[in-house]
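Per-entry structural report
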Amino acid sequence: KRTVRRDAVLCGVNTGLPGFSSADEKGNWSGFDVDFCRAIAAAIFDDPSKVKFVPLDASERFTELQKRKVDVLSRNSTWNLSRETNYGLHFAAVSYYDGQGFMVQKSRNVESGLELNEAKVCVQSGTTTELNLADYFRANNMKYQEMKFAKADDVLKAYDTGQCDVLTTDVSRLYAMRLKLSKPNDHVILPDVISKEPLAPVVRQKDDDWLLIVKWTFYAMVNAEELGITSRNIDDALKSKKPDVMRFVGTEGAYGQELGLTKDWAVRIIRHVGNYGEVYERNVGIESDLGIPRGLNELWNAG
């Protein structure tokens, strides 16, 4: 109700991560996580521009959500138990299956994380990355020197200027951060993936109606891709006589009303923003600067 009164979704995003959330010089936001908030606005208002983006650092993201500074956090954040319990939050749905990896200079001729004994490693503090790093080196009886920074930009700068040998974070972020290096092609992302990082949008607990809207906005985008419904053929889908498509577009059933939205709530999402595959390819996939293969984020029926 607050969101509707305000006529905008307050969306917490990364302060700047290519492909996921970044603003141009005019202040226009774009990216995978940004599009998800636009999808929520499309579902509620039939207008994907009714979003106010609030850039948040890793250290403040959960407390700011807790304090009601934002309605939803759509910001490459790993779903884990302590975050839900410590801050009274719900992670709505896994929007991106990720895992932690390593980036090194090609000239080091390293092929595996197991060759990183005695390395100086750059890592962002206040993240799951920090603990995974310690676990990995301890489990493999390796030593390392940790270079910790609160801000992602400082982590990247330290790595780029050679203060450390290795940069570690989620693999998707490594692809994004590599684009910002002075010589991106001189760096390689190792094949090792040392953790599970299910990234998910986050809302506050005790706000069940809102949780449902956020969660099902995401699943609508996945289901649309599975049904072959895209922003380009959505008008054909509205004429379809296939039962599962009819339920999706609202020509059968009252699923939208049950969420407190309109019959065509899912149509609005796909028309304005696109299905999951469209959003993935445009922002982080093979069609984008990042060029990340679908991998674990492929549909279940495509392996």
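So, a few notes on the structure that sits alongside this text. (Residues numbered from 1 in each chain as written. Predicted model: local features only at pLDDT ≥ 70, side-chain atom pairs only at ≥ 80, totals over all residues. Heavy atoms only, no water.)

Let us now look at a positive patch on the surface. Together, Lys1, Arg2, Arg5 and Arg68 line one region of the surface with positive charge. A relative accessible area of 49% means that Arg68 is categorised as partly exposed. (Patch = residues over 30% accessible without salt bridge, like charges linked within 9 Å, V, L, I, M, F, W, Y side chains within 5 Å. Areas by Shrake-Rupley, 256 points an atom, 1.4 Å probe, with all protein chains shown as cover. Salt bridge = Lys/Arg side-chain N within 4 Å of Asp/Glu carboxyl O. Lys, Arg positive; Asp, Glu negative; His and termini not counted. Charge placed at Lys NZ, Arg CZ, Asp CG, Glu CD. Buried < 20%, exposed > 50% of the residue type's maximum accessible area, 1.4 Å probe, protein only.)

Further remarks concern the nonpolar core. Residues Ile40, Val72, Tyr96, Leu167 and Trp210 are the most contacted members of the largest nonpolar core, which totals 68 residues. For this core, the element with the highest residue contribution is helix α2 (residues 32-45), accounting for 10 residues. Ignoring anything within four residues of it in the chain, the contact list for Val72 reads Val9, Leu10, Cys11, Gly12, Cys37, Ile40, Leu65, Pro201, Val202, Val203, Trp210 and Val214. Counting residues in hydrophobic clusters, the runner-up holds 13 residues, among them Val110, Ala119, Val121 and Leu190. (Core = buried A, V, L, I, M, F, W, Y, C linked by side-chain atoms within 4.5 Å. Helix = DSSP H or I, 4+ residues; strand = E, 2+ residues; numbered from the N terminus. Contact = heavy atoms within 4.5 Å.)

Side chains of Leu212, Trp216 and Tyr219 sit close together on the surface and give an oily, nonpolar patch of about 260 Å² of accessible area. Along the polypeptide, Leu212 turns up in helix α8 (residues 208-227).

Helix α12 (residues 265-272) sits mainly inside the fold: 6 of its 8 residues count as buried. Trp265, Ala266, Val267, Arg268, Ile269 and Ile270 are the residues of α12 that are buried. Check the buried side of α12 and you find it contacts α2, α8, α9 (234-239), α10 (243-249) and α11 (255-258). Gly274, located one to two residues past α12, shows a positive phi value of around 105 degrees.

Any functional reading would require information beyond the geometric quantities listed.
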